[in-house]
Amino acid sequence: MFWLSILVASVVAVDVIVQCIYVRLVLRIFETKPPFSVPPVPRDPAAEEVSFQTRDGITLRGSIHFNGQSVPRGVILFCPELEGSHWSASIYARGLLEAGFKVVAFDFRNQGESESLQGYSPLHWATEFEVEDALSALRFIASRPDLNHLPLGVMGVSRGSTPALIAAARSERVKAVFCEGAYSTDALLVHFISRWATLYVPRVFLPLLPMWHIRLTSVLVRWTSQLLRKRPYVVLENWLQLLRNRSVLLVAGERDNYVHPDVGRHLYRRLDSPRAKLWLVPAAKHNRARHVAPIEYDRRISDFFDSSLDPRETLSNQRPHLKVTGAAIGGDLLLK
């Protein structure tokens, strides 16, 4: 028994040392921002430029887009990608604008035209700061008489998808969420740790490396980074169950080198709802689904929100009726 205890303790000690080495190696990659190349989008002179404050005093700037040719079918909050701009709503949400929806877009803090929080350097991993920004945008919509009576949906692109989904989970007013290139910190990190494993582990030992060990490494990397940066990353999976009663459409590119389509499949499974839908776009790279299939993209996004939001109902006197087709998604929490 004594020697068995010594053996077990030795194995545990070796594993702790190995974990520390892995965490240190992966941490450098985790905190390195990918070389995104987000093309600039020109200002839209027809859009209304707006600004509003977060609860911690940061001024966010954005725009309201609407073709003005009909009664609005609803209002959609647009959350842009990292290093993107609120002006990109005129491209990603073009199908919604043509279908008669109002689109409210904004820049996250430390991005675009919005104010910066001193000492904060945003990465491609979403934190509570981005969630607060999205919630502040929802409060701004609720404060506008021309918007607060309209059925409400949320749209997120890449990193903007995480705060879009979490803000929707925290607000019962949001009835539908559309996300392109969505990912969670843990799921994407597990994918890349598995992909990079051969750089640090001899290939012959890979079959012996259990998945729980890789997941533990990813959690340790996230914890270490947020301790060093003093910025808690959000865990998207903790909020997905609150969206089971609302419509969610996830779009993933089959040739996405940043967010592998398996990550989109993971989120789709975690939603675990008959009202969830995943659209895998052949030949599409990261955030390029509309570039590959513009007509189909515009049709799907407008049909999705049209079937999920009922523009005839208002939010002032009663809860809006939620009209859903067979391929939607759901959840409910109150936004104060």
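Above this text is the structure in question.
It should be emphasised that the depicted structure is a prediction, and the values quoted were computed from it without experimental measurement. (Residues numbered from 1 in each chain as written. Predicted model: local features only at pLDDT ≥ 70, side-chain atom pairs only at ≥ 80, totals over all residues. Heavy atoms only, no water.)

## Description of the packing of aromatic side chains
- By the definition in use, this model includes eleven aromatic pairs.
- Taking the centre distance of 5.0 Å and the plane angle of 20° together, the rings of F52 and F140 count as stacked. Here F52 is found in strand β1 (residues 48-53), whereas its partner F140 is found in helix α4 (residues 128-143), with 88 residues between them in sequence.
- Residue placement shows K102 over the ring face of F66; its charged tip is 5.4 Å from the ring centre.
- When the ring centre of F108 is taken as reference, the NZ or CZ atom of R159 above it lies at 5.4 Å. (Phe/Tyr/Trp six-rings, centres within 6.5 Å; stacked < 30°, edge-to-face > 60°. Helix = DSSP H or I, 4+ residues; strand = E, 2+ residues; numbered from the N terminus. Lys NZ or Arg CZ within 6 Å of the ring centre and 35° of its normal.)

## Side note on helix α9 (residues 261-271)
- Of the positions making up α9, those classed as buried are P261, V263, G264, H266, L267 and L271.
- Just downstream of α9, D272 is the residue with a positive phi angle, here 50°. (Buried < 20%, exposed > 50% of the residue type's maximum accessible area, 1.4 Å probe, protein only.)

## Focus on the layout of surface pockets
- If you add up the space inside the largest pocket, you get close to 470 Å³.
- P39, E81, Y92, N287 and R288 are, among the 18 residues lining the largest pocket, the residues nearest its centre.
- For the lining of the largest pocket, the elements supplying multiple residues, two or more each, are α2 (89-92) and α10 (289-292).
- Among the residues making up the lining of the largest pocket, the classes are represented as nine nonpolar, six polar and three charged.
- Taken as a whole, the second largest pocket holds about 350 Å³ of empty space.
- D186, A187, V190, R215 and H266 are, among the 16 residues lining the second largest pocket, the residues nearest its centre.
- For the lining of the second largest pocket, the leading source of residues is α9, giving six residues.
- Counted by class, the lining of the second largest pocket contains five nonpolar, four polar and seven charged residues. (1 Å grid on protein atoms, 1.4 Å probe; cavity = no way out; pocket = protein on both sides within 12 Å on 5 of 7 lines; lining within 4 Å. Points joined across faces, edges and corners; volume = space filled by probe spheres on them. Nonpolar A, V, L, I, M, F, W, Y, C, P; charged D, E, K, R; others polar.)

## Section: α4
- Compared with an ideal rise of 1.5 Å per residue, which puts 16 residues at 22 Å, α4 spans 22 Å between its outermost C-alpha atoms and is within 8% of the ideal.
- By the criterion of burial, α4 is predominantly enclosed, with twelve of the 16 residues buried.
- Among the residues making up α4, those that are buried are E130, V131, E132, D133, A134, L135, S136, A137, L138, R139, F140 and I141. (Expected span 1.5 Å × (residues − 1).)

## Here's the deal with the pattern of salt bridges
- Scanning the entire structure with this criterion turns up 17 salt bridges.
- Residues joined in a network through salt bridges with shared partners are E48, K102, R144 and D146. (Salt bridge = Lys/Arg side-chain N within 4 Å of Asp/Glu carboxyl O.)

## Re the sheet that holds strand β3 (residues 75-79)
- With mixed pairing, the eight strands of this open sheet are ordered in space as β1-β2-β4-β3-β5-β6-β7-β8. With partners counted over all chains shown, the strands left at the sheet margins are β1 and β8 (276-281), one partner each. Across the sheet, the axes of successive neighbouring strands diverge by a mean angle of 20°, strand direction being ignored.
- In terms of strand pairing, β3 meets strand β4 (residues 102-106) through four bridges, oriented parallel. Bridge pairing links I76 to V103 in β4.
- Each of β1, β2 (59-65), β3, β4, β5 (152-157) and β6 (174-180) is contacted by α4, which is oriented at about 115° to β1, the strand it contacts most.
- Relative to the sheet, helix α11 (residues 294-308) contacts β3, β5, β6, β7 (247-253) and β8, its axis offset from that of β6 by approximately 165°. (Pairing = 2+ DSSP bridges. Axes fitted to C-alpha atoms, helices over the stretch in contact; angles between N-to-C directions. Contact = heavy atoms within 4.5 Å.)

## Notes on the environment of A167
- Structurally, A167 can be placed in helix α5 (residues 161-169).
- Separated by 30 residues in the primary sequence, A167 and A137 have C-alpha atoms spaced 9.7 Å apart.
- Look past the residues within four positions of A167 in its chain and what remains in contact with it is A134, L135 and L138.

## Details of the nonpolar core
- Formed by 44 residues in total, the largest nonpolar core has its most connected members in L77, C79, V104, F106, L138, I141 and L243.
- Each residue touching F106, except ones within four places of it in the same chain, is listed here: F52, L60, R61, G62, L77, F78, C79, P80, H86, D133, A134 and A137.
- Formed by 25 residues, the second largest nonpolar core is a distinct cluster that contains F101, V103, Y297 and L309. (Core = buried A, V, L, I, M, F, W, Y, C linked by side-chain atoms within 4.5 Å.)

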